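Analysis of the macromolecular model
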Amino acid sequence: MAILNILRYPDARLHKVAKPVTEFGERIHALVADMAETMYEAPGVGLAASQVDVHEQLIVVDITETKDDLRVFINPQITWASAEKRVYDEGCLSVPGVYDGVERPAQIRVSALDADGKPFELEADELMAVVIQHEMDHLAGKVFVEYLSPLKRNRIKAKMLKEERGMQREAALKAAGRRY
C-alpha cells in the first residue's frame, strides 16, 4: 500500500471527468487499498480516484469514528434523490482548511459495483449521503467550492495558490540546503 498525492484545488486535473471502470482485478484492489490508506492518513471520510489523478469512477468512503467500515463505490449512479434538501458544512481533502455550507438532497439511493465488480444498492442519508454526493461530484470534474459564490470561490482559489507557492518555496529551500 502507498500514500497517494492528493491534487489540490485549483489544479485543472480536478475538473477532468472520470471514465467508468471496465476491468476488475488486482489493479483495482491495489488502487482501493492505496486510496483507503491515503484517505485515512489525510484524514478524511471520502476520497475519489480523480483526487489522486486516476480518472476512473471509483470512490472510497468511511464515515465511522473507528475507521473500520470502508465502503467502495465503482461506477456509482444516484438512482433516486429526495426532494428534501439540507445544507451541510463540507470540507475537502483537495481544498484543505476550507469548509462551507452546500445544499444537497437529504437522502439518496445509489447503485454501484464493489471492488470485485458485484452490483449493489445503498440508501443513504445524513453524512453518508453528503459524502457520496461530494465524491461523485469529483468524478464529474466538480469541486465543492463550485457551489459557492464567485467571490468566495475566488478567495479560496487565491488562498490555495498562495499556500502552493509557499510550499514550493519551502521545498526549494530544503532542496538547496541539502546540496551544501
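Residues numbered from 1 in each chain as written. Predicted model: local features only at pLDDT ≥ 70, side-chain atom pairs only at ≥ 80, totals over all residues. Heavy atoms only, no water.

Below, the discussion takes up the sheet that holds strand S1 (residues 46-48). In spatial order, the strands read S1-S2-S3-S6-S7; together these five strands make up an open sheet with antiparallel pairing. Looking along the sheet, the strands with just one partner apiece sit at the ends: S1 and strand S7 (119-125). The average undirected angle you get between the axes of adjacent strands in this sheet is 40 degrees. Lying over the sheet, helix H1 (residues 26-41) contacts S1, strand S2 (58-61) and strand S3 (71-81), oriented at roughly 45 degrees with respect to S2. This element, helix H2 (residues 126-139), spans S1, S2, S3, strand S6 (107-113) and S7 of the sheet and lies at about 120 degrees to S7. (Pairing = 2+ DSSP bridges. Helix = DSSP H or I, 4+ residues; strand = E, 2+ residues; numbered from the N terminus. Axes fitted to C-alpha atoms, helices over the stretch in contact; angles between N-to-C directions. Contact = heavy atoms within 4.5 Å.)

Let us now look at H1. Relative to the 22 Å expected for 16 residues at 1.5 Å per residue, H1 spans 22 Å between its end C-alpha atoms, a close match to the ideal helical length. For H1, the set of buried residues is Ile28, Leu31, Val32, Asp34, Met35, Ala36, Thr38 and Met39. Along its buried surface, H1 packs onto S1, S2 and S3. (Expected span 1.5 Å × (residues − 1). Buried < 20%, exposed > 50% of the residue type's maximum accessible area, 1.4 Å probe, protein only.)

Before going further, it helps to examine the nonpolar core. One finds Val32, Met35, Leu47, Leu58, Val60 and Ile74 to be the most contacted residues of the largest nonpolar core, which totals 17 residues. Those elements that place two or more of their residues in this core are H1, S2 and S3. For this core, the element with the most residues is H1, which contributes five residues. In this structure leucine 47 touches Ile6, Met35, Thr38, Met39, Val52, Leu58, Ile59, Val60, Leu93 and Glu135, once residues within four positions along its chain are discounted. Counting 16 residues, the second-largest nonpolar core is a separate cluster that includes Ile59, Ala112, Ala124 and Ala129. (Core = buried A, V, L, I, M, F, W, Y, C linked by side-chain atoms within 4.5 Å.)

Read these as spatial facts, not as claims about activity.
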